[in-house]
Amino acid sequence: MSDRNTVLITGASRGIGAATARRFAREGWCVGINYHTSQEKARALAGELEALGVPVGLYPCDVSRRDQVEEMLAAFLRDFGHIDVLVCNAGIARQELFTDITAEGWRRMLGVNLDGVFHCCQAALADMLHRKAGKIITLSSMWGQVGASCEVAYSAAKAGVIGLTRALAKELGPSGITVNCVAPGVIETEMNGLLSQETKAALAEETPLERLGTPQDVAEAIWFLASQGGDFFTGQVLSPNGGYII
Ligand code: NAP
């Protein structure tokens, strides 16, 4: 149990999720780190945050699995007593022609990126609705806003996240719970590890701010929405993208 503010971040073992965990830990929050396969990275991050003096919990689970998500929330609430902020960050991406997408590939993309948000929000809401307080922050992508060639399944899932966010914000506003979305541009993480240096350079050149984003850039947007400064925001899509789409 803790009197501190608490946050559960899905997909926090690396990339944007890990940067977000560091950002909240710097503010003294209890941090729940969800991961799926990167156990060593998650443990190393937990050690790093604990060294800052904040309570940390590790919650392995596949967010596409309802049963595992429910167990994760139960464990988080046992550890920290309540959930102030849920960051639905876990995600997967894949580049392929639309005609090459298999039914299984489509289901997995939607399962992790969209069903995962549905499961995590429902699981966290039991506590938030009871307390009539809480903030949910979802991760979409600028491709969810405008669509990307060769990323139809990813774009569809991320557009779904924006729809879910806006609708849920309207439903939960009267209950004192905000729901907002962060839709980043191209960010330097392992998710873009397969992009060549030439492609990255071209993407940076197409970006008005002439660089790709960092995980910290996105973590700052998430932190803003979670902090008091974000109290009057709900149903919004904040897009740290360097001006790539406006
Ligand atoms: P990343 O570096 O590839 O990290 C992905 C994270 O998601 C990892 O911690 C991974 O955990 C976790 N994850 C994947 N599948 C999961 C599952 N089934 N259950 C639980 N966790 C799972 O990605 P990132 O770049 O940080 O992206 C984070 C979010 O931002 C994603 O939603 C992504 O779509 C979005 N985004 C990224 C960019 C970008 O350019 N990087 C742009 C726009 C939006 P394990 O390693 O433990 O398996």
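Structural data are supplied above this passage.
Every value quoted in this text rests on a predicted model; they were computed, and no experiment measured them. Every chain's residues receive numbers from 1 upward, in the order its sequence appears when written. Residues qualify for local features only when their pLDDT is at least 70, as the model is predicted, and side-chain atom pairs are given and counted only at 80 or more; totals for whole chains, interfaces and linings, by contrast, use all residues. Side-chain metrics rest on all non-hydrogen atoms present in the structure, leaving aside hydrogens and water.

A. Region of the structure containing the overall build of the protein chain. A run of H or I in DSSP counts as a helix once it spans at least four residues, and a run of E counts as a strand once it spans at least two, with each numbered from the N terminus. Tallying secondary structure elements over the protein chain gives eight helices and seven strands in all. Its C-alpha radius of gyration of 17 Å places the protein chain within 12% of the 18 Å reference for a compact globule of 246 residues. Expressed as lengths along the three principal axes of its C-alpha atoms, the size of the protein chain is roughly 50 × 35 × 35 Å. Contact between two residues is taken to exist if any of their heavy atoms lie within 4.5 Å; hydrogens are not considered. Long-range pairs, those at least 24 residues apart, make up 74% of the contacts in the protein chain with a sequence separation of at least 6. Every accessible area reported is derived by Shrake-Rupley at a probe size of 1.4 Å, with residue values counting cover from the shown protein chains alone. Here the protein chain displays about 11,500 Å² of accessible surface, and carbon together with sulfur accounts for 53% of that area. For the radius of gyration, the atom set is restricted to C-alpha positions; the globular benchmark scales as 2.2 Å times the number of residues to the power 0.38.

B. Representation of the packing of aromatic side chains. Any Phe, Tyr or Trp ring, taking Trp's six-membered ring, that has another such ring centre within 6.5 Å forms a pair; planes under 30 degrees apart are called stacked, those over 60 apart edge-to-face, and the others tilted. Counted according to the given criterion, the structure contains seven aromatic pairs. Between the aromatic rings of Phe 76 and Phe 80, the centroid separation amounts to 5.0 Å while the plane-to-plane angle is 65°, which identifies the pairing as edge-to-face. Of this pair, Phe 76 and Phe 80 both sit in helix H3 (residues 66-80), four residues apart, which is roughly one turn of the helix. Each of the two residues, Phe 76 as well as Phe 80, counts as buried. Taken together, a centroid distance of 5.9 Å and an interplanar angle of 85° make the contact between Trp 143 and Tyr 244 edge-to-face. Within this pair, whereas Trp 143 is found in helix H5 (residues 142-146), its partner Tyr 244 is found in the segment after strand E7 (237-238), the two being separated by 101 residues in sequence. Buried residues are those whose accessible area, probed at 1.4 Å on protein chains only, stays under 20% of the maximum for their type, while exposed residues exceed 50% and partly exposed ones sit between those limits. According to the relative accessible area criterion, Trp 143 is buried, its value standing at 18%. Each member of the aromatic cluster is reached from another via a ring pair, and the members are Phe 24, Trp 29 and Trp 223.

C. Structural context of the nonpolar core. Buried Ala, Val, Leu, Ile, Met, Phe, Trp, Tyr and Cys residues form a nonpolar core when they are joined through side-chain atoms within 4.5 Å. In this structure, Leu 8, Val 69, Met 72, Leu 73, Ile 83, Leu 86 and Ile 136 are the most contacted members of the largest nonpolar core, which totals 48 residues. Of all the elements in the fold, those that place two or more residues in this core are H3, strand E4 (85-88), helix H4 (103-131), H5, helix H6 (152-172), strand E6 (177-182) and helix H7 (197-206). Per element, the largest residue contribution to this core is 11 residues, and it comes from H4. Leu 139, Ile 187, Val 218 and Ala 226 belong to the second largest nonpolar core, which has 30 residues in total.

D. Highlighting helix H2 (residues 39-50). Each residue after the first adds 1.5 Å to the expected span of a helix. Its 12 residues give H2 an end-to-end C-alpha distance of 16 Å, which sits within 8% of 16 Å, the value for a rise of 1.5 Å per residue. Among the residues of H2, Ala 42, Leu 45, Ala 46 and Leu 49 are the ones counted as buried. Down the axis of H2, the buried set is contained in an arc of 105°. They therefore lie on one face. For H2, the exposed residues lying more than 90 degrees away from the buried face are Glu 40 and Ala 44. Looking at the buried positions of H2, the neighbouring elements they touch are helix H1 (15-26), strand E2 (30-35) and strand E3 (56-60). The arc in question is formed by the directions pointing from the helix axis toward the C-beta atoms.

E. Region of interest: H6. With 21 residues, H6 ought to run about 30 Å at 1.5 Å a step, and its terminal C-alpha atoms sit 30 Å apart, in line with that. Within H6 the residues assigned to the buried category are Ala 153, Tyr 154, Ser 155, Ala 157, Lys 158, Val 161, Ile 162, Thr 165, Leu 168, Ala 169 and Leu 172. The elements touched by buried residues of H6 are H4, strand E5 (134-139), H5, E6 and E7.

F. How the structure looks around the environment of Cys 120. Relative to the helices and strands, Cys 120 resides in helix H4. When the C-alpha atoms of Cys 120 and Glu 70 are compared, they prove to be 7.8 Å apart, with 50 residues separating the residues in sequence. If sequence neighbours within four positions are ignored, Cys 120 has contacts with Thr 10, Val 63, Val 69, Met 72, Leu 86 and Cys 88.

G. Structural view of unusual backbone geometry. The backbone of Cys 150 sits at a positive phi, close to 65°, despite the residue not being glycine. Assignment of secondary structure puts Cys 150 in the loop between H5 and H6. If you check the backbone angles, Glu 210 has positive phi at about 60° while not being a glycine. By the element assignment, Glu 210 lies in the loop between H7 and helix H8 (215-226).

H. Examining the pattern of salt bridges more closely. Salt bridges are counted wherever a side-chain nitrogen of Lys or Arg sits within 4 Å of a carboxyl oxygen of Asp or Glu. The full count for this structure, using the stated rule, is 16 salt bridges. Linking Arg 22 and Glu 48 is a salt bridge whose minimum nitrogen-to-oxygen distance equals 2.6 Å. Of the two residues, Arg 22 is situated in helix H1 and Glu 48 in helix H2; the sequence distance between them amounts to 26 residues. A relative accessible area of 35% means that Arg 22 is categorised as partly exposed. Connected via shared salt-bridge partners are Arg 14, Lys 41 and Glu 190.

I. Representation of the sheet that holds E3 within the structure. Judged by pairing direction, the sheet is parallel, and its seven strands sit side by side in the order E3-E2-E1-E4-E5-E6-E7 without closing on themselves. Among the strands making up the open sheet, the edge pair consists of E3 and E7. The strands touched by H2 within the sheet are E2 and E3, with E2 carrying the most contacts at an inclination of about 170°. Most of the contacts of H3 go to E3, to which it runs at about 165°, and overall it touches strand E1 (6-9), E2 and E3. The pairing criterion is simple: DSSP has to find at least two bridges between the two strands. Whenever a helix is involved, its axis is fitted only over the stretch in contact; in every case the axis is a line through C-alpha atoms, and angles between N-to-C directions fall within 0 to 180 degrees.

It is worth stressing that arrangement in space is one thing and function is another; only the former is reported here.
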